[in-house]
Amino acid sequence: MTDSAAERELASAVARRVFATLSTKWALPVIEAIGSGQPRFAEIHRAVDGISYKMLTATLRALEADGIVARHDYRTPGPRVEYTLTNAGADLLRTVHGLCAWSRAHLAELVGQIATAPSPVPPSLGRREHDGLVERPDVSPSSRR
């Protein structure tokens, strides 16, 4: 079966969207916390150290929108909502674990390369300029005198 250009473009767009979600601070810890279980919101919150309720809600919604997490609302008095990884989410978690195993297997080589590689920041630039956070000259009222 050959992919059409439209199918390739759709696959690329979906991958970019999922990568954008996964690159956030909390996505992978939340996926890891859900794992193969069916935790409730509070259980995930306890498992992911430092995440706020607001960020957990936003992260779960993004993961659900991307098809990584499924939300199961039992519609009972006293809300009961559980989260599970979809088949795609479980496969993604296995892939992430595989990437972690790869990095452990090649740790010495990777660390050695990082230590000897030239800095991506040209020496003439300070760190702040490189990050796009160029400091401006002081224009406070006291410096205008």
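Presented here is an overview of the structure given in this document. The residue numbering used here restarts from 1 in each chain and proceeds along that chain's sequence as written. With the structure being a predicted model, the display of local features is reserved for residues of pLDDT at least 70 and the display and counting of side-chain atom pairs for 80 or more, all residues being used for whole-chain, interface and lining totals. Just so you know, side-chain values use all the structure's heavy atoms and leave hydrogens and water out.

### Describing the overall build of the chain
Secondary structure assignment for the chain yields 7 helices and 2 strands. Going from the N terminus to the C terminus, the chain shows its helices and strands as α-α-α-α-β-β-α-α-α. Burial status follows relative accessibility: with a 1.4 Å probe on protein chains alone, a residue under 20% of its type maximum counts as buried, one over 50% as exposed, and anything between as partly exposed. Of all 145 residues assigned to the chain, the portion counted as buried reaches 21%. In what follows, a contact means two residues having at least one pair of non-hydrogen atoms within 4.5 Å. A sequence separation of at least 24 residues applies to 43% of the contacts in the chain between residues at least 6 apart. Areas reported here follow the Shrake-Rupley algorithm with a probe of radius 1.4 Å; residue values treat only the protein chains shown as occluding. When the accessible area of the chain is evaluated, it comes to approximately 10,800 Å², of which 58% is carbon and sulfur surface. For the purposes of this entry, the term helix denotes a DSSP run of H or I that reaches at least four residues, the term strand denotes a run of E that reaches at least two, and both are numbered from the N terminus.

### Observations concerning the side chain of D66
One can find D66 in the loop between α4 (53-65) and β1 (69-73). D66 gets classed as buried once you look at its relative accessible area, which sits at 15%. If we skip the residues at most four places from it in the chain, D66 touches R17, V18 and T21.

### Brief notes about the pattern of salt bridges
For salt bridges, the criterion is a side-chain nitrogen of Lys or Arg within 4 Å of an Asp or Glu carboxyl oxygen. Scanning all chains against the criterion turns up 6 salt bridges. One salt bridge connects R16 with E9, and the closest N-O pair in it is separated by 3.6 Å.

### Observations concerning the side chain of H45
One can find H45 in helix α3 (residues 41-47). Polar side-chain contacts of H45 include one of 3.0 Å to the backbone oxygen of I51. Those residues within four positions of H45 in sequence are excluded, and the remaining contacts are I51, S52, Y53 and L56. Whenever two N or O atoms come within 3.5 Å, that pair is a polar contact, provided that in protein one can donate a hydrogen and the other can accept it, and provided that, for residues adjacent in sequence, both atoms are side-chain atoms.

### Focus: the packing of aromatic side chains
Between the rings of Phe, Tyr and Trp (Trp by its six-membered ring), a pair exists once the centres lie within 6.5 Å; its type follows the angle of the planes, with under 30 degrees stacked, over 60 edge-to-face, and the other angles tilted. If you walk through the whole model with that rule in mind, you get 1 aromatic pair. Where F41 meets Y53, the ring centres are 6.1 Å apart and the plane angle is 20°; that geometry is what we call stacked. You can see F41 sitting in helix α3 and its partner Y53 sitting in helix α4, a full 12 residues away along the chain. Classification of F41 by relative accessible area gives partly exposed; the value is 23%. Owing to a relative accessible area of 53%, Y53 belongs among the exposed residues under this scheme.

### Side note on helix α5 (residues 87-105)
Helix span is expected to be 1.5 Å times the residue number reduced by one. With 19 residues, α5 should cover 27 Å at 1.5 Å per step; its first-to-last C-alpha distance of 27 Å lies within 8% of that length. Among the residues of α5, those classed as buried are G89, L92 and L93. Seen end-on, α5 carries its buried residues on one side only, within an arc spanning 100°. Turned more than 90 degrees from where α5 packs its buried face, N87, R94 and A105 sit exposed. Starting at the helix axis, one direction is taken to each C-beta atom, and the arc is that of these directions.

### Some points on the pairing of strand β2 (residues 81-85)
Put simply, side chains in a regular strand alternate between the two faces of the sheet. Counting buried residues along β2, 5 of its 5 residues qualify, which places the element largely inside the surrounding structure. Taking every second residue as pointing to the same face, both faces of β2 are buried, with V81, Y83 and L85 on one and E82 and T84 on the other. A pair of strands counts as paired when DSSP detects no fewer than two bridges linking them. One ladder, built from 5 bridges, connects β1 with β2; its direction is antiparallel. Of the residues in β2, the one forming a bridge with V69 is L85.

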